[in-house]
Amino acid sequence: MQRFINSLPPVEANEEKVSVLQGVVYTFMVLTVIYILTTSYFFIAGTPWESHLMEWLNIVVRLMHITFGIAWIGASFYFVFLENALNRTDNIRDELAGNLWAVHGGGFYYLEKYKVAPKEIPRQLHWFKYEAYFTWLTGFSLLFVVYYFNANALLINKNLLDISPLTGILIGVGSFVVAWVIYHFLCRTSIIQKGIWFALLGVIFCTAFAWFYTQVFTGRAAYIHFGAMLGSLMVGNVFFIIIPAQKAMVKAAKQGVPVNAALGKHAGLRSLHNNYFTLPVLFVMVSNHFPTTFSNDYPWAVLVAISLGTAGIKHWLNLREKHVATTWVLPIAVLVLLAVAFVTAPQKTQTGTCQTEVSMQQVNQVVQARCFSCHSPKPTDDVFKVAPNGVMLDTPENIANLKDKIMQRVVITKTMPQNNKTNMTQEERDLIRCWIEQGE
């Protein structure tokens, strides 16, 4: 590394030294934080401080993930828009692929895109890569904090597939590697140039992984792993394809040798793939708040349908930016999403199923037996040491105030208790439904 730095011009060498020093300092800081957290965990494991540490890890890592994700997706949206909106005909120099005038934030901007590379590479050249890397790293960390550290409660459903937490973790992580290998292989074939056929293969590919995840993990975990799989494909495109292509083009331009334009075209195609992945990944990020989706009898079909609908909306936006007239893309995408909402709607209750009046005392007994271990001021559950989302069902008043949420999570979607950990029976769910429908 030092020999390489010494070979650079003085200004570039100084900048490279600063960059290397920053990398060393940041790496040391990250390793120090990991050491402190790991050491602290062993000291507080089994105490009330354990849940407090995990909650704050969740907050910090989630905030970092969202922040980097916004930057990455924002850059993806912007550069695809830029590519679609370029002026490619009026007063364009031979070396340019297009240009664009824009106004934003009270200022005017003028941007130019070169067909391959400028004759002289500017010393100040911004690289869009760290947004992708840190989004994936924080997302992968969040996967551990939320699901892998609480695998028995949130990842594994032994009624679905009786596997150990370690097996579940290995399956989850291994699936990302398998997905990348398959996707990368497909991208190396000639079919990548046939848009509609490659898209069809992509739908089959995503459907297979969505189905697989729902056969192995809980509904919530299955959806998150699907999003993490797509995110891994996206960061793989950046790390293995896009950035190496850009580095090769910059190196060739600096050395004055012909630049391989095919590298840029392929990198641009992978970047376009990432652009279509963005909205399905964003849906997955918020899906855990909507059990109607992942608790359906066919959660994989719901996941694929919503992914198709959101990707369709992104396709319409891309066509609109190109000023390509399209009539059916947006309506079809919206109809797909509306169809999902219709199909996942709860069925009407059969009349006459509630034969007798249900009292609050009966409901309270069920709640205390099946829900109180988590949703109480001092939970006794082995995982949740603080009431999830602050929801407490310790009094009849609290139960009555939260009856709408109880109806959704306990009766309709049956996602509570978590993985039915306390073995709530269907008769007990029917009893709660009858009490709520009585309107008392």
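Residues numbered from 1 in each chain as written. Predicted model: local features only at pLDDT ≥ 70, side-chain atom pairs only at ≥ 80, totals over all residues. Heavy atoms only, no water.

Caption draft 1: Focus on the packing of helix H15 (residues 403-412) against helix H16 (residues 426-438). Packing of H15 against H16 brings their axes to within 10 Å, and their N-to-C directions diverge by 150°. One finds that H15 runs roughly antiparallel with respect to H16. Considering only the axes of H15 and H16, their crossing is left-handed. The residues of H16 that touch H15, namely those facing Lys 403, Ile 406, Met 407, Val 410 and Val 411, are Arg 429, Ile 432, Arg 433, Trp 435, Ile 436 and Glu 437. Per-class residue counts for the contact of H15 with H16 are seven nonpolar, no polar and four charged. (Axes fitted to C-alpha atoms, helices over the stretch in contact; angles between N-to-C directions. Helix = DSSP H or I, 4+ residues; strand = E, 2+ residues; numbered from the N terminus. Parallel < 35°, antiparallel > 145°, perpendicular 65-115°, else oblique. Left-handed = near helix turned anticlockwise from the far one by under 90°. Contact = heavy atoms within 4.5 Å. Nonpolar A, V, L, I, M, F, W, Y, C, P; charged D, E, K, R; others polar.)

Caption draft 2: Looking closely at the state of the cysteines. Evaluated as defined, the whole model comprises one disulfide. The thiol of Cys 206 is not disulfide-bonded; the next cysteine sulfur, from Cys 187, is found 12 Å away. The exposure class assigned to Cys 206 is buried, which follows from its relative accessible area of 16%. No disulfide involves Cys 371; its sulfur sits 8.7 Å from the nearest other cysteine sulfur, which is in Cys 374. With relative accessibility at 11%, the residue Cys 371 sits in the buried group. (Disulfide = S-S within 2.5 Å. Buried < 20%, exposed > 50% of the residue type's maximum accessible area, 1.4 Å probe, protein only.)

Caption draft 3: Representation of the environment of His 315. Mapped onto the fold, His 315 is located in helix H11 (residues 299-321). Given a relative accessible area of 31%, His 315 falls into the partly exposed group. A C-alpha to C-alpha distance of 34 Å links His 315 and Leu 154, two positions 161 residues apart in sequence. With sequence-adjacent residues up to four places away left out, His 315 is seen in contact with Tyr 276 and Val 329.

Caption draft 4: Region of the structure containing the nonpolar core. If you look at the biggest cluster of nonpolar residues, it comprises 58 residues, and the most contacted ones within it are Phe 226, Met 229 and Leu 233. Within the residue set of this core, elements represented by two or more residues are helix H3 (48-85), helix H4 (130-148), helix H5 (151-155), helix H6 (165-187), helix H7 (195-216), helix H8 (219-255), helix H9 (261-287) and H11. Counting residues per element, this core draws most heavily on H8, at 15 residues. Sequence-distant contacts of Met 229, defined by excluding residues within four places in its chain, comprise Phe 176, Ala 179, Phe 205, Phe 209 and Tyr 213. Membership of the second largest hydrophobic core comes to 16 residues, among which are Val 358, Val 367, Val 411 and Trp 435. (Core = buried A, V, L, I, M, F, W, Y, C linked by side-chain atoms within 4.5 Å.)

Caption draft 5: The arrangement of the packing of aromatic side chains in detail. Applying the stated rule across the entire model yields 22 aromatic pairs. Ring centres of Tyr 130 and Tyr 133 lie 6.2 Å apart, and the angle between their planes is 90°; on these two criteria the pair is classed as edge-to-face. Here the residue Tyr 130 and the residue Tyr 133 both occupy positions in helix H4, the gap between them amounting to three residues, near one helical turn. The class of Tyr 130 is partly exposed, set by a relative accessible area of 47%. Residue classification places Tyr 133 among the buried positions, given a relative accessible area of 17%. Among the aromatic residues, those joined into a cluster by ring pairs are Phe 68, Tyr 130, Tyr 133, Phe 134, Trp 180, Tyr 183, Phe 239, Phe 240 and Phe 277. The ring centre of Trp 127 lies 5.5 Å from the NZ or CZ of Lys 129, which sits over that ring. Looking at Lys 314, its charged tip hangs above the ring of Phe 77, at a distance of 4.6 Å from the centre. (Phe/Tyr/Trp six-rings, centres within 6.5 Å; stacked < 30°, edge-to-face > 60°. Lys NZ or Arg CZ within 6 Å of the ring centre and 35° of its normal.)

Caption draft 6: Quick peek at the pattern of salt bridges. Here the structure, examined in full by the defined rule, presents eight salt bridges. The salt bridge partner of Glu 112 is Arg 93, with a shortest N-O separation of 3.0 Å. Of this pair, Glu 112 sits in strand E2 (residues 107-114) while Arg 93 sits in the loop between H3 and strand E1 (96-104); the two residues are 19 residues apart in sequence, bridging distant segments of the chain. Among the residues examined, Glu 112 registers a relative accessible area of 33% and is labelled partly exposed. A salt bridge links Arg 370 to Glu 428; the nearest nitrogen and oxygen atoms lie 3.0 Å apart. In this pair, Arg 370 sits in helix H13 (residues 360-370) while Glu 428 sits in helix H16, placing the two residues 58 residues apart along the sequence. Take Glu 428: its relative accessible area is 15%, and that puts it in the buried class. What emerges from the salt-bridge pattern is a single network uniting Glu 83, Arg 88 and Lys 113. (Salt bridge = Lys/Arg side-chain N within 4 Å of Asp/Glu carboxyl O.)

Caption draft 7: Geometry of the side chain of His 273. Within the fold, His 273 resides in helix H9. If we skip the residues at most four places from it in the chain, His 273 touches Tyr 183, Cys 187, Ile 192, Phe 198 and Asn 237.

Caption draft 8: Structural detail: the environment of Ala 311. Mapped onto the secondary structure, Ala 311 falls in helix H11. For the pair formed by Ala 311 and Leu 337, sequence separation is 26 residues and the distance between their alpha carbons is 11 Å. Apart from the residues within four sequence positions on either side, Ala 311 is in contact with Tyr 276 and Pro 280.

Caption draft 9: Representation of the packing of H7 against H8 in the model. Running from amino to carboxyl end, H7 crosses H8 at an angle of 140°, the nearest separation of the two axes being 8 Å. In terms of orientation, H7 and H8 fall into the oblique class. Seen along the crossing, H7 lies across H8 with a hand that is right-handed. The segment H7 lies against H8, with Phe 205, Cys 206, Phe 209, Ala 210, Tyr 213 and Thr 214 engaging Ala 222, His 225, Phe 226, Met 229, Leu 230 and Leu 233. By residue class, the composition of the contact of H7 with H8 is ten nonpolar, two polar and no charged.

Caption draft 10: Focus on the pairing of E1. Pairing analysis gives eight bridges linking E1 to E2, with the strands arranged antiparallel. Residue Gly 98 lies in a different strand from E2, and its bridge partner there is Lys 113. The antiparallel hairpin formed by E1 and E2 contains two residues in its connecting segment, where Gly 105 sits at a positive phi of about 60°. (Pairing = 2+ DSSP bridges.)

Caption draft 11: Region of the structure containing unusual backbone geometry. Of the consecutive residues Met 416 and Pro 417, the connecting peptide bond is found in the cis state with omega at -5°. Mapped onto the secondary structure, Pro 417 falls in the loop between H15 and H16. Of note in the backbone geometry, Lys 414 takes a positive phi value of approximately 55° without being a glycine. Residue position: Lys 414 is located in the loop between H15 and H16. Although it is not a glycine, Asn 420 adopts a positive phi angle of roughly 50°. Residue placement: Asn 420 occurs in the loop between H15 and H16.

By themselves, these figures tell us nothing about what the structure is for.
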